[in-house]
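The residues making up each chain are set out below.
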Amino acid sequence: MSDIESHLLSLMTTPLISILLNFTLEHEVHKKLAESPKTSQELSGILSLDADKLNRALFALTFNGIYTFNEQTYKWSNSPLTDALLDDHKCTLFRWNTCPYFYKKLAQKVSIIKDVQHKDESCESVFVEAAENPDLLKLFQDAMTIVTHGNINEIVQAIDLTSASRVLDIGGGEGGLICELVKANHHITGGNLDREENRASNEELIQSLGLGNKINFFSGNFFVTIPQGFDTLTIKHVLHDWNDEDCLKILTNCRNALEIGNKLYIIDMVLNNTDPNRKLQRFFDVKMMILGNAKERTEENFENLLRQAGFRISSISKARMDSVIEAVAI
Ligand SMILES: C[S@@+](CC[C@H](N)C(=O)[O-])C[C@H]1O[C@@H](n2cnc3c(N)ncnc32)[C@H](O)[C@@H]1O
């Protein structure tokens, strides 16, 4: 088979293989195999799965380097790839990006590429559906928290809070960023504005870190209003969920909550075709486009939006995959 044919074959088979891998991870096959090698019968007994179907799925996976099969003992074991996924962080990120919910959404919505108007599309439905589905919400929150941990030190270093006193994270998810900012800057207090379904996980994190007297959770909608009384705002991995019109509404609300000279920090990828992470940047750009007519943005895109909302960019620094854009209210 030529290189081209083998590349095509790999593209053709990848969606099903990653759906199958996702399924076995969800059922913790890799954890059971880490205890000891097992036959399909043994695995299916423990996991309440159909032995024959599980066997066939594992064979499809094993010929893709996922799990190994011993012809003498008929037992399955982990391969280096499934061993790597014993790391819960890697496993959660893989499961979030390959979960059936997304495959279904992406397949249903890819036709947005034909649509010049795509007025009705937004990520709102993803947040609403997650709020109604506890398993999906947990997977989403866990994945966001893991992504946050990936470059939190660089982000905290890039945000200069020496002259700040009250900092609000907009759409801060489980609250990981604001907690780290408050831990690193003892003189500040903080808040996290997010949807109501994130309250419980926020309060749990804030209490577990002993920050109950320093950080408040605000249940609200950043399209409606942003609480007043904060001199610095942060907004991480939120703007890429929305189209330009919606981002302008959020940024204008941010501006209305601030005084002249106050700062807003945007943490997001900045698209750049020479960036070493450009492959992943373009993956997320298209994922956001299909899910919600949203996008990753170039520096120029951010500059335009910020200018229209009443900000000017004062610096941009890199935090691994992300950039930290410091903008001043004018
Ligand atoms: C992609 S997540 C980013 C979470 C967090 N900033 C992070 O970096 O991990 C987007 C967040 O925006 C929140 N969100 C979505 N729509 C919102 C709205 N209208 N008002 C407030 N928060 C909202 C979601 O609940 C979610 O926590």
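Reading the values: rules and limits
Residues numbered from 1 in each chain as written. Predicted model: local features only at pLDDT ≥ 70, side-chain atom pairs only at ≥ 80, totals over all residues. Pairing = 2+ DSSP bridges. Helix = DSSP H or I, 4+ residues; strand = E, 2+ residues; numbered from the N terminus. Axes fitted to C-alpha atoms, helices over the stretch in contact; angles between N-to-C directions. Contact = placed C-beta atoms within 7 Å. Domains from an automatic or database assignment. UniProt positions renumbered as here; feature names shortened; annotations may be inferred. Buried ≥ 20, exposed ≤ 12 C-beta atoms within 10 Å, placed from the backbone. Arc of directions from axis to C-beta. Near = placed C-beta within 6 Å. Nonpolar A, V, L, I, M, F, W, Y, C, P; charged D, E, K, R; others polar.

If you walk across this open sheet you meet the seven strands as β5-β4-β3-β6-β7-β9-β8, and the pairing is mixed. Sheet topology places β5 (215-219) and β8 (311-319) at the edges, where each strand pairs with a single neighbour. Recorded for the sheet is a direction-independent mean angle of 20 degrees between the axes of neighbouring strands. As judged from the five bridges shared by strand β3 (residues 166-170) and strand β4 (residues 189-194), these two strands associate in the parallel manner. Bridge pairing in β4 links Leu168 to Gly191. The sheet contacts of helix α9 (residues 134-158) involve β7 (263-268), β8 and β9 (322-329), and relative to β8 the element is tilted by about 145 degrees.

Looking at the chain, the domain boundaries give domain 1 (3-86) and domain 2 (103-329). Using only C-alpha atoms to locate each centre, domain 1 and domain 2 end up separated by 36 Å.

Time to look at the UniProt feature "active site" (unreviewed entry) in the chain. Under the UniProt annotation, "active site" (unreviewed entry) lies at His240. Take His240: it is sitting in the loop between β6 (232-236) and α12 (244-257). Owing to 21 C-beta atoms within 10 Å, His240 belongs among the buried residues under this scheme. Excluding its chain neighbours within four sequence positions, the residues that come into contact with His240 are Asp268, Met288, Ala294, Lys295 and Glu296.

Those residues of helix α14 (residues 299-309) that fall on the buried side of the exposure criterion are Phe302, Leu305, Leu306 and Ala309. With its buried residues spanning 95 degrees around the axis, α14 presents them on a single face. Positioned one or two residues after α14, Gly310 has a phi angle of 100 degrees, which is positive.

With that settled, consider the site of the ligand. Lining the immediate surroundings of the ligand are 17 residues, of which Met144, Gly171, Gly173, Lys236 and His237 lie closest. When contributions to the shell around the ligand are tallied by element, the ones reaching two or more residues are α9 and β4. Across the shell around the ligand, the residue classes break down as six nonpolar, seven polar and four charged.

What follows covers the environment of Phe223. Turning to its location among the elements, Phe223 is positioned in the loop between β5 and β6. Sequence separation of Phe223 and Asn253 is 30 residues, and the distance between their C-alpha atoms is 7.2 Å. Excluding residues that lie within four positions of it along the chain, Phe223 makes contacts with Lys249 and Ile250.

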